[in-house]
Amino acid sequence: MADLPTTEFDEGFVQGMRDRTAVSFFKYGPLANAVANKADFITALVTRLEKYKETGNTEWLMDVANYAMFEAMYPSHRNAHFRATDSDESPGKAPERKRVRPV
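Described in the following lines is the structure provided in the data block. Here the structure is a predicted model, which is why all the values come from computation and not from measurement.

We now examine the overall build of the chain. Scanning the chain from terminus to terminus reveals four helices and zero strands. What you see in the chain, going N to C, is helices and strands ordered as α-α-α-α. What you see for the chain is a C-alpha radius of gyration of 16 Å, clearly larger than the 13 Å of a compact globule of 103 residues, by over 25%. Among the 103 residues that make up the chain, the fraction classed as buried is 12%. In the chain, the proportion of contacts linking residues at least 24 apart, taken out of those at least 6 apart, comes to 56%. Entry remark: accessible area of the chain is about 8900 Å², with carbon and sulfur atoms responsible for 56%. In the chain, the 14 positive side-chain charges and the 15 negative ones have mean positions that sit 6 Å from each other.

Following this line, the structure appears as structure tokens:
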């Protein structure tokens, strides 16, 4: 990671994920409790992505990333697995978009 330019990965974003997970742990208890209560991480993720699209508040994106991680840790999909894929299976790069702020 030391050789990876800071333009390619945001450690502050990951720290924000950690901070929000820590607050949730002390506020709501262990993640295992949510799993035991059949928490729907995918719905939570989609709901927060919609909140980001509505508000532009990037804190919601940290929540999206956390819920994606929770789903990976405790998958609800009956065929959940990890298999590295190559570009021939990729849905492609993100489509071009109009810049909302200068780079």
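There's more to say after this.
This part takes up the side chain of Glu-71. Here Glu-71 lies in helix α4 (residues 59-73). As a buried residue without a salt bridge, Glu-71 has its nearest oppositely charged side chain in Arg-78, at a separation of 12 Å. The contact partners of Glu-71, leaving out residues within four places of it in the chain, are Phe-41, Ile-42, Ser-76 and His-77.

The subject of this paragraph is the side chain of Asn-66. One can find Asn-66 in helix α4. Those residues in contact with Asn-66, other than ones at most four positions away along the chain, are Met-17, Arg-20 and Thr-21.

Further remarks concern the packing of aromatic side chains. Under the counting rule described, the total for this entry stands at four aromatic pairs. Between Phe-41 and Tyr-67, the ring centres sit 6.1 Å apart and the planes meet at 40°, which makes this aromatic pair tilted. With Phe-41 in helix α3 (residues 41-55) and Tyr-67 in helix α4, this residue pair connects regions lying 26 residues apart in the sequence. Ring centres of Tyr-67 and Phe-70 lie 5.6 Å apart, and the angle between their planes is 80°; on these two criteria the pair is classed as edge-to-face. With a gap of three residues between them, Tyr-67 and Phe-70 both fall in helix α4, about one helical turn apart. Judged by its relative accessible area of 11%, Phe-70 is buried. Of the aromatic side chains, those joined through ring pairs into one cluster are Phe-41, Tyr-67 and Phe-70.

A cluster of nonpolar side chains, contributed by Met-1, Leu-4 and Phe-9, occupies part of the molecular surface with about 310 Å² of accessible area. Examined against the element boundaries, Leu-4 turns out to sit in the segment before α1 (11-28).

On to α1, then. For the α-helix, the turn length of 3.6 residues means that residues three or four positions removed from each other point alike. Under the 1.5 Å per step criterion, the end-to-end length of α1 is 25 Å for 18 residues, consistent within 8% with the ideal 26 Å. Within α1, burial applies to Val-14, Gly-16 and Met-17. Along the long axis of α1, the arc covered by the buried residues comes to 155°, so they all point the same way. Those residues of α1 that are exposed and aimed more than 90 degrees away from the buried face are Val-23, Phe-26 and Lys-27. Buried residues along α1 sit against α4. Among the residues of α1, the N-terminal cap falls to Asp-10, whose side-chain oxygen and the backbone nitrogen of Gly-12 are separated by 2.9 Å. Immediately downstream of α1, the backbone of Gly-29 shows phi near 100°, a positive value.

The rules behind each value
- Residues numbered from 1 in each chain as written.
- Predicted model: local features only at pLDDT ≥ 70, side-chain atom pairs only at ≥ 80, totals over all residues.
- Heavy atoms only, no water.
- Helix = DSSP H or I, 4+ residues; strand = E, 2+ residues; numbered from the N terminus.
- Rg over C-alpha atoms; globule rule 2.2 N^0.38 Å.
- Buried < 20%, exposed > 50% of the residue type's maximum accessible area, 1.4 Å probe, protein only.
- Contact = heavy atoms within 4.5 Å.
- Areas by Shrake-Rupley, 256 points an atom, 1.4 Å probe, with all protein chains shown as cover.
- Lys, Arg positive; Asp, Glu negative; His and termini not counted.
- Charge placed at Lys NZ, Arg CZ, Asp CG, Glu CD.
- Salt bridge = Lys/Arg side-chain N within 4 Å of Asp/Glu carboxyl O.
- Phe/Tyr/Trp six-rings, centres within 6.5 Å; stacked < 30°, edge-to-face > 60°.
- Patch = residues over 30% accessible without salt bridge, like charges linked within 9 Å, V, L, I, M, F, W, Y side chains within 5 Å.
- Expected span 1.5 Å × (residues − 1).
- Arc of directions from axis to C-beta.
- Polar contact = N/O pair within 3.5 Å; in protein donor to acceptor, adjacent residues only side chain to side chain.

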